[in-house]
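Survey of secondary and tertiary structure
As a plain string of letters, each chain reads:
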Amino acid sequence: MSSPPTFLIDSDVFIAAKNAYYAFDICPGFWKGLLRAHRLGRAHSIDQVRSELLAGSKEEDLVQWVKKDLPGAFFAGSDAEAVSTAYTQVMLWVQRNAQFYDYAKAKFATGADGWLVAYSMVNGTVVVTNEQPSPESKGRISLPDVCVQFRVQYKGTFAMLRELAIEFGLNGLD
């Protein structure tokens, strides 16, 4: 029997959640569910994602949540030698791939996506992203496409929520 997957969450999951369906004031269960999943060892992210999230305004709900509510251990370090080696493989593939425009390569190099793939290559986690595959794209390198290239499993937010059995109640009305 295999153990349940551990999910590695991309910054776009947090950002889209707070901007839309799972805003802190209308769906606190989403955020509590992520904390519970982390306590159970089923969900976390990496330091590179933390940096992306903290780039927002200090007053933003998401920035405050990352600073005040998330335990430091939620964001694993990406500085292990094996992860750095895997990241080098990812970046070499990106840079050598003639399909992508130079500006797409440069943008990919400045974000956390390559680190998410590298971390998952080493640790066997499942990347969670809202991005969609775009294998023909030249102007954007999609996280799912890089996951496929390096045989890293990825899923969307809803699939993660289902697998983690996160439910949202109605605060005593249900």
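A few points on the structure. Residue positions within a chain follow its written sequence, with the count starting from 1. This being a predicted model, a pLDDT of at least 70 is required before a residue's local features are given, and a value of 80 or more before pairs of side-chain atoms are given or counted; all residues contribute to the totals for chains, interfaces and linings. Side-chain metrics rest on all non-hydrogen atoms present in the structure, leaving aside hydrogens and water.

1. Looking at unusual backbone geometry
Positioned with a positive phi, Arg-151 is a non-glycine residue whose angle comes to about 55°. Counting from the N terminus, the helices are DSSP H or I runs at least four residues long and the strands are E runs at least two residues long. Tracing the backbone shows Arg-151 in the loop between α8 (143-149) and β5 (154-155). Classification of Arg-151 as exposed rests on a relative accessible area of 80%. The phi dihedral of Ala-165 is positive, around 55°, even though this residue is not glycine. Mapped onto the secondary structure, Ala-165 falls in the segment after α9 (157-163). Overall, the relative accessible area of 49% leaves Ala-165 in the partly exposed class. When accessible area is computed with a 1.4 Å probe and restricted to protein chains, residues below 20% of their type maximum are described as buried, those above 50% as exposed, and intermediate ones as partly exposed.

2. Things to note about the packing of helix α5 (residues 81-96) against helix α6 (residues 102-110)
The axes used here are C-alpha line fits, helices contributing only the stretch in contact, and every angle between their N-to-C directions lies in the interval 0 to 180 degrees. Their axes nearest at 10 Å, the elements α5 and α6 cross at an angle of 165°. When the axis of α5 is compared with that of α6, the two are roughly antiparallel. Crossing handedness for the pair α5 and α6: right-handed. Only Lys-105, Phe-108 and Ala-109 of α6 make contact with α5, whose side of the interface consists of Tyr-87, Val-90, Met-91, Val-94 and Gln-95. Throughout this entry, Asp, Glu, Lys and Arg are counted as charged residues, while Ala, Val, Leu, Ile, Met, Phe, Trp, Tyr, Cys and Pro are counted as nonpolar. The remaining residues, Gly among them, count as polar. Class assignment for the residues of the contact of α5 with α6 results in six nonpolar, one polar and one charged. The labels follow the angle: roughly parallel below 35 degrees, roughly antiparallel above 145, roughly perpendicular from 65 to 115, and oblique for the rest. Left-handed describes a crossing whose near helix is turned anticlockwise from the far helix by less than a right angle; the clockwise case is right-handed. Pairs of residues are marked as contacts when any of their non-hydrogen atoms sit within 4.5 Å.

3. Here we look at the packing of aromatic side chains
Two aromatic rings, drawn from Phe, Tyr or Trp (for Trp, its six-membered ring), form a pair once their centres lie within 6.5 Å of each other, and the interplanar angle then sorts them: stacked below 30 degrees, edge-to-face above 60, tilted otherwise. Applying the stated criterion across every chain yields a total of 14 aromatic pairs. Between Phe-24 and Trp-65, the ring centres sit 6.0 Å apart and the planes meet at 50°, which makes this aromatic pair tilted. Of this pair, Phe-24 sits in the loop between α1 (11-19) and α2 (28-39) while Trp-65 sits in helix α4 (residues 61-68); the two residues are 41 residues apart in sequence, bridging distant segments of the chain. The exposure classification of Phe-24 matches that of Trp-65, with both residues buried. Judged by centre distance (4.8 Å) and plane angle (65°), the rings of Trp-31 and Trp-65 are edge-to-face. A residue pair is termed long-range when its members are at least 10 positions apart, and Trp-31 in helix α2 and Trp-65 in helix α4 qualify at 34 residues. The same class applies to Trp-31 and to Trp-65, which are both buried. Put simply, the rings of Phe-14, Tyr-21, Tyr-22, Phe-24, Phe-30, Trp-31, Trp-65, Phe-74, Phe-75 and Phe-168 pair up and form one aromatic cluster.

4. Here's the deal with the environment of Ser-2
Summarising the element assignment, Ser-2 is placed in the segment before β1 (7-9). Residue classification places Ser-2 among the exposed residues on the basis of a relative accessible area of 65%. As for Ser-2 and Phe-100, which are separated by 98 residues in sequence, their C-alpha atoms are 37 Å apart.

5. Thoughts on the environment of Gly-124
Mapped onto the fold, Gly-124 is located in the loop between α7 (113-123) and β4 (126-128). Residues Gly-124 and Lys-107, 17 residues apart in the sequence, show an inter-C-alpha distance of 25 Å.

6. Some thoughts on the sheet that holds β5
Reading across the sheet, the five strands line up as β3-β2-β1-β4-β5 and stay open at both edges, with parallel pairing between neighbours. Each end of this open sheet is capped by a strand with a single partner; those strands are β3 (75-76) and β5. The pairing criterion for strands is at least two bridges between them, as found by DSSP. In this structure, strand β2 (residues 43-46) lies alongside β3, joined through two bridges in parallel fashion. Each residue of the ladder has a partner; that of Ser-45, found in β3, is Phe-75.

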